[in-house]
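Residue strings, one per chain:
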Amino acid sequence: MTGYRYTPSDRIEQLRALERSLTELIPVAEAAPATINLAPQYRDALEKARVLIGGSFNQEDLSNLSRSIPDAFHRHKDWMPPLELSAEVHWQQPDWFKHLDAKLLPVLDIAVKLREIGYY
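Quick notes on the rules
Residues numbered from 1 in each chain as written. Predicted model: local features only at pLDDT ≥ 70, side-chain atom pairs only at ≥ 80, totals over all residues. Heavy atoms only, no water. Axes fitted to C-alpha atoms, helices over the stretch in contact; angles between N-to-C directions. Helix = DSSP H or I, 4+ residues; strand = E, 2+ residues; numbered from the N terminus. Parallel < 35°, antiparallel > 145°, perpendicular 65-115°, else oblique. Left-handed = near helix turned anticlockwise from the far one by under 90°. Contact = heavy atoms within 4.5 Å. Salt bridge = Lys/Arg side-chain N within 4 Å of Asp/Glu carboxyl O. Buried < 20%, exposed > 50% of the residue type's maximum accessible area, 1.4 Å probe, protein only.

(A) Representation of the packing of helix α1 (residues 8-31) against helix α4 (residues 95-115) in the model. Relative orientation of the contacting elements α1 and α4 amounts to 155 degrees, with a least axis distance of 9 Å. Classed by the angle they form, the pair α1 and α4 counts as roughly antiparallel. Crossing of α1 over α4 shows left-handed handedness. Contacts from R11, Q14, L15, A17, L18, S21, L22, E24, L25, V28 and A29 in α1 reach H99, L100, K103, L104, P106, V107, I110, K113 and L114 in α4.

(B) Region of interest: the pattern of salt bridges. In total, this model carries 7 salt bridges according to the counting rule given. Across the salt bridge formed by E13 and R16, the nearest N and O atoms sit 3.3 Å from each other. Of this pair, E13 and R16 both sit in helix α1, 3 residues apart, roughly one helical turn. The exposure class of E13 is partly exposed, given its relative accessible area of 44%. The class of R16 is partly exposed, set by a relative accessible area of 37%. In this structure, E30 and R43 form a salt bridge, with 2.4 Å as the shortest nitrogen-oxygen distance. Of this pair, E30 sits in helix α1 while R43 sits in helix α2 (residues 39-54); the two residues are 13 residues apart in sequence, bridging distant segments of the chain.

What follows is the structure, given as structure tokens:
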């Protein structure tokens, strides 16, 4: 079985997808209690992505960018998202978390791809 190595064109598309996703995440991160302190790191990552899109880069640059993007939560095998008691007296994920996670997960997914050389 042969693998696929990402091409420079693939990488530019991944960086553009990261740029779009970070642009959507930043205002949400600035408004969410769990990520307000992470918003500057997301803004820095956005600026780095834009620099890489406009210039040359190597795998180390992509990996460094990827590692500079933090997750707001320490997700491990026993991790549970935050819960709050609703008016109907049952536990549910708060709206701020659902909105934040919907914007954060695409950023984290793209960041992982930037560290990968390709796939099988």
